[in-house]
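Close look at the chain arrangement
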Amino acid sequence: MRTAKVEANERIRATQEELGIDNGNRLPFLCECDDAACRTIIRVTAAEYAQARSSGWYVVATGHSGAPRVVSDGDGYAVVEG
Ligand SMILES: [Zn+2]
């Protein structure tokens, strides 16, 4: 389930904050595509991740978005709606 990967990313983000490494570096998160078996690691900044999360968007590896609307494209990842 995508939900499980989002929950895992929330734990990753909390850990990054605890470690104080969420200072603009691109950090590893799990691809949040619909494929439950996907374990692709993408690298985005904590700020980019937080913005996507608070907007109800998902961060996915390039090419994993399926057909939803792409909000923005990054280096190796995309932010998508739904
Ligand atoms: Zn994926």
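Scope of this entry: the structure provided in the associated data block.

What counts and how
Residues numbered from 1 in each chain as written. Predicted model: local features only at pLDDT ≥ 70, side-chain atom pairs only at ≥ 80, totals over all residues. Heavy atoms only, no water. Donors = N, O, S within 2.8 Å, 3.2 Å for Na, K, Ca; no water. Tetrahedral: all angles 85-135°; square planar, octahedral: opposite > 155°, others 65-115°. Helix = DSSP H or I, 4+ residues; strand = E, 2+ residues; numbered from the N terminus. Pairing = 2+ DSSP bridges. Axes fitted to C-alpha atoms, helices over the stretch in contact; angles between N-to-C directions. Core = buried A, V, L, I, M, F, W, Y, C linked by side-chain atoms within 4.5 Å. Buried < 20%, exposed > 50% of the residue type's maximum accessible area, 1.4 Å probe, protein only. Contact = heavy atoms within 4.5 Å. Phe/Tyr/Trp six-rings, centres within 6.5 Å; stacked < 30°, edge-to-face > 60°.

So, about the coordination of the zinc ion. In the first shell of the zinc ion, the protein supplies Cys31 (SG), Cys33 (SG), Cys38 (SG) and His64 (ND1), at 2.0 to 2.3 Å from the metal. Classification of the site at the zinc ion as tetrahedral follows from its four donor atoms and the range of 103 to 119° in their angles at the metal. The motif formed by the donor residues of the zinc ion, counted along the single chain, is C-x1-C-x4-C-x25-H. Highlighted residues: Cys38 in the loop between β1 (26–30) and β2 (41–45) and His64 in the loop between β3 (57–61) and β4 (70–73), separated in sequence by 26 residues.

Turning our eyes to something else, we now look at the sheet that holds β4. Hydrogen bonds between backbone groups are what pair the strands of a sheet, and the pairing can be parallel or antiparallel. The three strands lie next to each other as β3-β5-β4, forming an open sheet whose pairing is antiparallel. Among the strands making up the open sheet, the edge pair consists of β3 and β4. Along the sheet, successive strands turn relative to each other by an average axial angle of 25°, direction set aside. Judged from the three bridges that link them, β4 and strand β5 (residues 77–81) form a sheet pairing that is antiparallel. Note that in β5 the partner of Ser72 across the bridge is Val79.

This part is about the nonpolar core. Residues Phe29, Cys31, Ile42, Tyr49, Val59 and Val60 are the most contacted members of the largest nonpolar core, which totals 18 residues. Put simply, the parts of the chain that give this core at least two residues each are β1, β2, α2 (46–54), β3 and β5. Beyond its immediate chain neighbours, meaning those up to four positions away, Cys31 contacts Lys5, Cys38, Thr40, Ile42, Val59, Val60, Ala61 and His64.

Attention shifts here to the packing of aromatic side chains. Within this structure, the stated rule accounts for one aromatic pair. Between Phe29 and Tyr49, the ring centres sit 4.3 Å apart and the planes meet at 5°, which makes this aromatic pair stacked. Of this pair, Phe29 sits in strand β1 while Tyr49 sits in helix α2; the two residues are 20 residues apart in sequence, bridging distant segments of the chain. No difference in accessibility class separates Phe29 from Tyr49, as the two residues are buried.

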